[in-house]
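If you want the building blocks of each chain, they are given just below.
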Amino acid sequence: MQDPSAFFSPFCRPRCLAAAAPAGRAKLTHPGKAILAGGIAGGIEICITFPTEYVKTQLQLDEKANPPKYKGIGDCVKQTVQSHGVKGLYRGLSSLLYGSIPKSAVRFGMFEYLSNRAKDENGRLDSTRGLLCGLGAGVMEAVLVVCPMETVKVKFIHDQTSANPQYKGFFHGVREIVRSEGLRGTYQGLTATVLKQGSNQAIRFFVMTSLKNWYKGDDQNKSMNPMVTGAFGAIAGAASVFGNTPLDVIKTRMQGLEAHKYKSTLDCALKILKYEGLKAFYKGTVPRLGRVCLDVAIVFIIYEEVVKALNIVWKTE
């Protein structure tokens, strides 16, 4: 019978063994390159897709318990543009931009760090290990970046749409939140965020790894056209949306200005179910689906292309 530890052994394999690998094995991506490429990809992506993130957050904060302010996606966009102009759809961009760059950097850096140790002697990463590496990357980005930045983002957007906004800008908002609530105020909804980001990246990297293995077959060094990478990324993004939108809704509520209404992540979920029904967990799915598919496609395309460029100017082998 095979030793169960054999499954996890790649994570513990000394890095020096790479030198003994066959000459035809796939090249490994240095974590340093992954961090740089991931940060660049994250910054560009969020500038393109932020309006859909804004609409998604607005719809999720527009609770049914109160008279709804918006009738749907189109009405949300219409009211925002009428009140604040097109630039109104970019309110809160700074808070998300400051978080998107380090978030993507941590995600890809951690994924490559783990996957380099999980690949077999031919440099191939199987789907199951891809899922585990994605899970590790998602948890790491949730703790180090996503939870504090998303809490600030949600509170900032919520504040800017109130009758009397308190925050004059991103840094002023952060200062006020920390002053009134302490550092803990930027870590609201940590459990929900870890669950959401962990499952998000586990699903995305599982799907992406599976599709890449199918496309490359036995040749792990086979080049991928950017359009193929984008298509695979969009599929991975769609899978993650349907897999964890309920967690995204709970996370948004736990990080809003009315987070005090909930005792815990479980209490938040139970109250949403009790007062708003099951379909409330999928509120904002359509705008999120469009954003995430575009988001993941753009990120993977830019990431892969930047890594290719870095491989030319930054020799790590």
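As the structure is a computational prediction, the values presented were derived from the model and not from experiment.

What follows covers the environment of S83. Of note, S83 is situated in helix 3 (residues 73–84). Measuring from C-alpha to C-alpha, the distance between S83 and V154 comes to 20 Å, with 71 residues separating the pair along the chain. One polar contact links the side chain of S83 to the main-chain carbonyl oxygen of Q79, over a distance of 3.0 Å.

A general tendency of soluble globular proteins is for nonpolar side chains to be buried together. If you look at the biggest cluster of nonpolar residues, it comprises 28 residues, and the most contacted ones within it are A37, F108, F111, C133, F300 and Y303. The element contributing the most residues to this core is helix 10 (residues 285–313), with 10 residues. Counting 11 residues, the second largest nonpolar core, distinct from the first, contains Y54, L59, L89 and L93.

We now examine the packing of helix 5 (residues 127–160) against helix 7 (residues 190–216). Between helix 5 and helix 7, the least distance of the axes is 6 Å, while the angle of their chain directions is 145°. For the crossing formed where helix 5 meets helix 7, the hand is right-handed. Of the residues in helix 7, those touching helix 5 at S127, G130, L131, G134, L135, G138, V139, E141, A142, V143, V146 and C147 are L190, T193, V194, Q197, G198, Q201, A202, F205, F206, T209, S210 and N213. Here the contact of helix 5 with helix 7 is built from residues that sort into 12 nonpolar, 11 polar and 1 charged.

Turning next to the UniProt feature "repeat: Solcar" (unreviewed entry) in the protein chain. In the numbering adopted here, UniProt assigns the feature "repeat: Solcar" (unreviewed entry) to residues 29–117, 128–214 and 224–309. For residues 128–214, the helix share is 80%, the strand share is 0%, and the end-to-end C-alpha distance is 14 Å. Segment residues 224–309 splits into 78% helix and 0% strand. End C-alpha atoms: 14 Å apart.

The next subject is the pattern of salt bridges. Per the counting criterion, the structure on display carries 8 salt bridges. Its salt-bridge partner being E181, residue K155 comes within 2.8 Å of it at the nearest N-O pair. Of this pair, K155 sits in helix 5 while E181 sits in helix 6 (residues 170–181), and the two are 26 residues apart along the sequence. For E176, the salt bridge identified is with R179, shortest N-O distance 2.8 Å. Placement of the pair is E176 and R179 together in helix 6, with a separation of 3 residues, close to one helical turn. With relative accessibility at 22%, the residue E176 sits in the partly exposed group.

Next up on the list: the confidence of the model for the protein chain. Residues with a pLDDT of 70 or more make up 90% of the protein chain, whose mean pLDDT is 84. Mean pLDDT in the protein chain bottoms out at helix 1 (residues 5–12), which sits at 48, and peaks at helix 7, which reaches 93. Across residues 6–10, where pLDDT falls below 50, the model places 8 contacts with residues more than four positions away in sequence or in other chains. Note on residues 12–23: pLDDT under 50 across the span, and 11 contacts to partners over four residues away in sequence or across chains.

Attention now moves to the packing of aromatic side chains. Applying the stated criterion across every chain, the model contains 8 aromatic pairs. With a centroid separation of 6.2 Å and an interplanar angle of 25°, the aromatic rings of F50 and Y90 are classed as stacked. Placement of F50 in helix 2 (residues 31–61) and of Y90 in the loop between helix 3 and helix 4 (93–118) is noted, with a sequence separation of 40 residues between them. Using a relative accessible area of 33% as the deciding quantity, one classes Y90 as partly exposed. Measuring from centroid to centroid gives 5.8 Å for F205 and F300, while their planes differ by 75°, and the two rings are edge-to-face. One end of the pair, F205, is in helix 7; the other, F300, is in helix 10, and 95 residues separate them in sequence. Taking the relative accessible area as the measure of exposure, F300 reaches 6% and is therefore buried. Each residue in the set F108, F111, F205, F300 and Y303 is aromatic and connected to the rest through ring pairs, giving one cluster.

The subject of this paragraph is the environment of V77. Tracing the sequence through the fold places V77 in helix 3. Non-local contacts of V77, meaning those with residues more than four positions away in its chain, are made with V55 and L89.

Rules used in this analysis
- Residues numbered from 1 in each chain as written.
- Predicted model: local features only at pLDDT ≥ 70, side-chain atom pairs only at ≥ 80, totals over all residues.
- Heavy atoms only, no water.
- Helix = DSSP H or I, 4+ residues; strand = E, 2+ residues; numbered from the N terminus.
- Polar contact = N/O pair within 3.5 Å; in protein donor to acceptor, adjacent residues only side chain to side chain.
- Core = buried A, V, L, I, M, F, W, Y, C linked by side-chain atoms within 4.5 Å.
- Buried < 20%, exposed > 50% of the residue type's maximum accessible area, 1.4 Å probe, protein only.
- Axes fitted to C-alpha atoms, helices over the stretch in contact; angles between N-to-C directions.
- Left-handed = near helix turned anticlockwise from the far one by under 90°.
- Contact = heavy atoms within 4.5 Å.
- Nonpolar A, V, L, I, M, F, W, Y, C, P; charged D, E, K, R; others polar.
- UniProt positions renumbered as here; feature names shortened; annotations may be inferred.
- Salt bridge = Lys/Arg side-chain N within 4 Å of Asp/Glu carboxyl O.
- pLDDT = per-residue confidence, 0-100.
- Phe/Tyr/Trp six-rings, centres within 6.5 Å; stacked < 30°, edge-to-face > 60°.

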